[in-house]
Amino acid sequence: TPQQTPQQGFPFPPQQTQSPTNGVMTAQQALALQASCPPGEFAVMLEKPPAGRSPVGLQVVPVQGMQLRVARLTEGLLMEWNRAHPQYEVKVSDFITEVNLTRSNSTEMLNHIRIDRTLVMHIQRQQGKRAEQ
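What counts and how
Residues numbered from 1 in each chain as written. Predicted model: local features only at pLDDT ≥ 70, side-chain atom pairs only at ≥ 80, totals over all residues. Heavy atoms only, no water. Buried < 20%, exposed > 50% of the residue type's maximum accessible area, 1.4 Å probe, protein only. Helix = DSSP H or I, 4+ residues; strand = E, 2+ residues; numbered from the N terminus. Arc of directions from axis to C-beta. Contact = heavy atoms within 4.5 Å. Polar contact = N/O pair within 3.5 Å; in protein donor to acceptor, adjacent residues only side chain to side chain. Core = buried A, V, L, I, M, F, W, Y, C linked by side-chain atoms within 4.5 Å. Pairing = 2+ DSSP bridges.

## Observations regarding helix α4 (residues 106-115)
Okay, step 1: Those residues of α4 lying buried are S106, M109, L110, H112 and I113. Down the axis of α4, the buried side of the element spans an arc of 155 degrees, and every buried residue falls inside it. Exposed positions of α4 whose direction lies more than 90 degrees from the buried face are T107, R114 and I115.
Okay, step 2: Where the residues of α4 are buried, they touch β2 (58-63), β3 (67-73), β4 (95-99), β5 (102-103) and β6 (118-124).
Okay, step 3: Here α4 starts with a cap whose side-chain oxygen sits 3.2 Å from the backbone nitrogen of T107, and that cap is N105.

## Digging into the nonpolar core
Within soluble globular proteins, side chains that are nonpolar tend to cluster in buried spots.
Okay, step 1: With 29 residues, the main nonpolar core has L58, I96 and M121 as its most contacted residues.
Okay, step 2: Those elements that provide at least two residues to this core are α2 (27-33), β1 (42-47), β2, β3, α3 (77-84), β4, α4 and β6.
Okay, step 3: It is β1 that contributes the most residues to this core, five residues altogether.
Okay, step 4: Ignoring anything within four residues of it in the chain, the contact list for I96 reads L58, V60, Q67, L68, V70, M109, I113, M121, H122 and I123.

## Here we look at the pairing of β6
Okay, step 1: Taking burial as the measure, the seven residues of β6 include six buried ones, the bulk of the element.
Okay, step 2: Summarising the sheet, β1 and β6 pair through six bridges and their orientation is antiparallel. Directly across from E47, in β6, lies its bridge partner T118.
Okay, step 3: Both β4 and β6 contribute to a ladder of four bridges, which runs antiparallel. The residue of β6 that forms the bridge with I96 is I123.

Next up, the structure:
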């Protein structure tokens, strides 16, 4: 697939990523998001609210400057994602291989997580298994 610019790279415009009732993607949107992933990975999309600080609920450790390993999950947007999409649940020891079209640069991926309002993260299980669909 051709590289897309960050403005065009997300499968859904931000206004379509949230359901009006609970702020979480629908099951159909989550399934469609998976098409953007390489084999062995699954995708997670989080939308930070426009006002105030809502924690992502994620602590990570850089791995060889290329990936981020999930060290701890706390209450926040990622736990909400996990409850809404158990088939694409992010777990401790999973690897974040891409954040907002940035791969192979853990510093830049971490900056995206800290700064960007919309996060599309590609996740790889420690064992290399893709999430069940």
